[in-house]
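# Per-entry structural report
Spelled out, the chains give:
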Amino acid sequence: KMIGEFDPSHQVVDHLLVVGPIGAGTSVVAAQAAEISGLPLINLDKIMLDESQIPKPKDRFVADAEELFSSPDFQDGWVADGTFRSLRHLTWNHADLILYLRPPLVLNSIMVAKRALTNDVSGGNSKSSLHTQMRRLYQTRAEDLAKIDQTVSEYVARGVRVETLRSPLRVGKILSHIFEAQE
């Protein structure tokens, strides 16, 4: 469904997963959803990195995520962001709702550029960060989208509710509708 067609159901959402390609805004949307819903936030990108901001080995990353998801703080619900294949047994398999952020390439490029210039994501200078992030977007986006599209199709076939959002402009309103329907 497109964002303008969103129709909140009466289904309770206690486990919300936000997925999308690099720079689509998944972390921002997940944080908004956690704030609106009162559910705890699990930022998988932060779990993936060690204290030095270097990606952990896959087995350690999975073990750390499993420990976090099984902790009492997350038993009654969560909002998580990330498309990590190695964590589907924790995220995709337990989500009541998956929000798939799939902005058009032009919008996705603007979002990546804005993030790179305002957050200096590489830890170096902003121009290097911008170049690095834009190159990564253009090199990986098509493959990332194909993988996410395939996974989304699999989960829709299993009956999981997935909403595809092409623009971040009304995400706050959509999230409010989802969680107001539960009150």
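Residues numbered from 1 in each chain as written. Predicted model: local features only at pLDDT ≥ 70, side-chain atom pairs only at ≥ 80, totals over all residues. Heavy atoms only, no water.

### Concerning unusual backbone geometry
Positive phi is not limited to glycine here, since Q53 has a value of about 65°. Positionally, Q53 belongs in the loop between helix 2 (44–48) and helix 3 (58–70). By relative accessible area, which is 55% here, Q53 ends up exposed. (Helix = DSSP H or I, 4+ residues; strand = E, 2+ residues; numbered from the N terminus. Buried < 20%, exposed > 50% of the residue type's maximum accessible area, 1.4 Å probe, protein only.)

### Re the pairing of strand 1 (residues 15–19)
With five of five residues buried, strand 1 is to be regarded as a mostly interior element. Of the two faces of strand 1, the one holding H15, L17 and V19 and the one holding L16 and V18 are both buried throughout. Relative to strand 3 (residues 78–81), strand 1 runs parallel, the two sharing four bridges. Pairing of L17 across the sheet is with A80, part of strand 3. Sheet topology places strand 1 next to strand 4 (residues 97–101); four bridges connect them, and they run parallel. Across the sheet, residue L17 finds its bridge partner in strand 4, namely I98. (Pairing = 2+ DSSP bridges.)

### Focus: the side chain of N108
On the secondary structure map, N108 appears in helix 4 (residues 105–119). Separated by 3.0 Å, the side chain of N108 and the backbone oxygen of I22 make a polar contact. Those residues in contact with N108 that lie beyond four places of it in its chain are P21, I22, G23, A24, P103, L137 and R141. (Polar contact = N/O pair within 3.5 Å; in protein donor to acceptor, adjacent residues only side chain to side chain. Contact = heavy atoms within 4.5 Å.)

### Here's the deal with the packing of aromatic side chains
Following the criterion strictly, the structure yields three aromatic pairs and no others. Ring geometry for F69 versus W78: centroids 5.3 Å apart, planes at 90°, classification edge-to-face. Accessibility classification places F69 together with W78 in one group, the buried group. Relative to Y155, the ring of W92 lies with its centre 5.3 Å away and its plane at 45°, an arrangement referred to as tilted. (Phe/Tyr/Trp six-rings, centres within 6.5 Å; stacked < 30°, edge-to-face > 60°.)

### Thoughts on helix 1 (residues 26–37)
When the terminal C-alpha atoms of helix 1 are compared, their 16 Å separation across 12 residues agrees well with the 16 Å that a helix rising 1.5 Å per residue should span. Looking only at helix 1, the buried set comprises T26, V29, A30, A33 and A34. End-on, the buried residues of helix 1 take up no more than an arc of 140°, which puts them together on one face. What points out from helix 1, more than 90 degrees from its buried face, is the exposed set V28 and E35. (Expected span 1.5 Å × (residues − 1). Arc of directions from axis to C-beta.)

### Examining the nonpolar core
L17, I42, F69, W78, L87 and I98 are the most contacted members of the largest nonpolar core, which has 25 residues in total. Contacts of L87, omitting those with residues within four sequence positions, involve L44, F61, V62 and A65. Counting 19 residues, the second-largest nonpolar core is a separate cluster that includes A24, A34, L97 and L101. (Core = buried A, V, L, I, M, F, W, Y, C linked by side-chain atoms within 4.5 Å.)

### Re the confidence of the model for the chain
Across the chain, the average pLDDT comes to 82, with 85% of residues at 70 or higher. Note that residues 1–6 has pLDDT below 50 and, in this model, 17 contacts with residues that lie over four places away or in other chains. Contacts for the low-pLDDT stretch residues 120–127, under 50 throughout, to residues beyond four places or in other chains number 11 contacts. (pLDDT = per-residue confidence, 0-100.)

### Let's talk about the environment of I110
Following the sequence through the fold, I110 ends up in helix 4. Given a relative accessible area of 51%, I110 falls into the exposed group. Between the alpha carbons of I110 and M134 there is a distance of 9.5 Å; along the sequence they are 24 residues apart.

### Notes on the pattern of salt bridges
In total, this model carries six salt bridges according to the counting rule given. With its nearest N and O atoms 3.9 Å apart, the salt bridge here joins R60 to D64. Residue R60 and its partner D64 are both found in helix 3; the two are separated by four residues, about one turn of the helix. Owing to a relative accessible area of 35%, R60 belongs among the partly exposed residues under this scheme. Looking at D64, the relative accessible area reads 25%, which means it is partly exposed. Across the pair R102 and D149 runs a salt bridge, and its minimum N-O distance is 2.8 Å. Taken together, the residues R102 in the loop between strand 4 and helix 4 and D149 in helix 5 (residues 126–157) connect sequence positions 47 residues apart. One salt-bridge network, held together by shared partners, links E51, K56, R60 and D64. (Salt bridge = Lys/Arg side-chain N within 4 Å of Asp/Glu carboxyl O.)

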